[in-house]
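Observations on the model geometry
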Amino acid sequence: EHTQLDFWAEARKLEYMDEGERDTQAREICIKFLGMTGADAASMNAESVVAKAAEFYMVLANDSFPRFVKSKYCDPVVDNMLGDTSKMDGSKDLIWEKYKVP
């Protein structure tokens, strides 16, 4: 099953394609990610898919991402991205020298 993020990422690729292949690829994206039939997707063009992707992006930004950040699944992702934080001590250069970190 494909997610909204998968759809958004594929739709973004349309911006970098040649004009001739954009609409064809847009219809394929509709079939693959939105579950449309070939007949339903026939009326879709690249601009309409990009517009739909912008709607999905707003849902991701305003709903899905905040819920993820509040979930128990966020901490392992952040830990994995930061790696070994015991070696990280850049705060002295980032904070005003007269401020004492509590």
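Report on the accompanying structure. What you are looking at is a predicted structure, and each value in this text was computed from that prediction instead of being measured. (Residues numbered from 1 in each chain as written. Predicted model: local features only at pLDDT ≥ 70, side-chain atom pairs only at ≥ 80, totals over all residues. Heavy atoms only, no water.)

**Observations regarding the pattern of salt bridges**
Let me state the cut-off plainly: The rule for a salt bridge is simple: a side-chain nitrogen of Lys or Arg has to be within 4 Å of a carboxyl oxygen of Asp or Glu. To sort residues, take the accessible area from a 1.4 Å probe on protein chains only and compare it with the maximum for the residue type: under 20% means buried, over 50% means exposed, and anything in between is partly exposed. Numbered from the N terminus, helices here are DSSP runs of H or I no shorter than four residues, and strands are runs of E no shorter than two.
Per the stated rule, a full pass over the model turns up 6 salt bridges. The salt bridge involving Glu15 is made with Arg12; its shortest N-O contact spans 3.3 Å. When its relative accessible area of 41% is taken as the criterion, Glu15 is described as partly exposed. Here Arg12 falls in the partly exposed class, since its relative accessible area comes to 34%. Across the pair Lys52 and Glu55 runs a salt bridge whose closest N-O atoms are separated by 3.6 Å. A residue pair is termed a helical-turn pair when its members lie 3 or 4 positions apart in one helix, as Lys52 and Glu55 do in helix α4 (residues 46-70) at 3 residues. On the basis of relative accessibility, which here comes to 45%, the residue Glu55 falls in the partly exposed class. A single salt-bridge network, built from bridges that share partners, covers Glu19, Arg22 and Glu47.

**Some words on a nonpolar patch on the surface**
For the record, the criterion: Two distance rules govern patches: like charges are joined within 9 Å, and nonpolar side chains (Val, Leu, Ile, Met, Phe, Trp, Tyr) within 5 Å, applied only to residues with over 30% relative accessible area and no salt bridge. Areas reported here follow the Shrake-Rupley algorithm with a probe of radius 1.4 Å; residue values treat only the protein chains shown as occluding.
A surface patch of nonpolar side chains, about 630 Å² in accessible area, is lined by Phe65, Phe68, Val69, Tyr73, Val77 and Met81. Of all elements in the fold, only α4 and α5 (74-82) reach the threshold of two or more residues within the nonpolar patch. Tracing the backbone shows Tyr73 in the loop between α4 and α5. Judged by relative accessible area, Tyr73 falls into the exposed class, the value being 54%.

These figures come from the coordinates and say nothing about function on their own.
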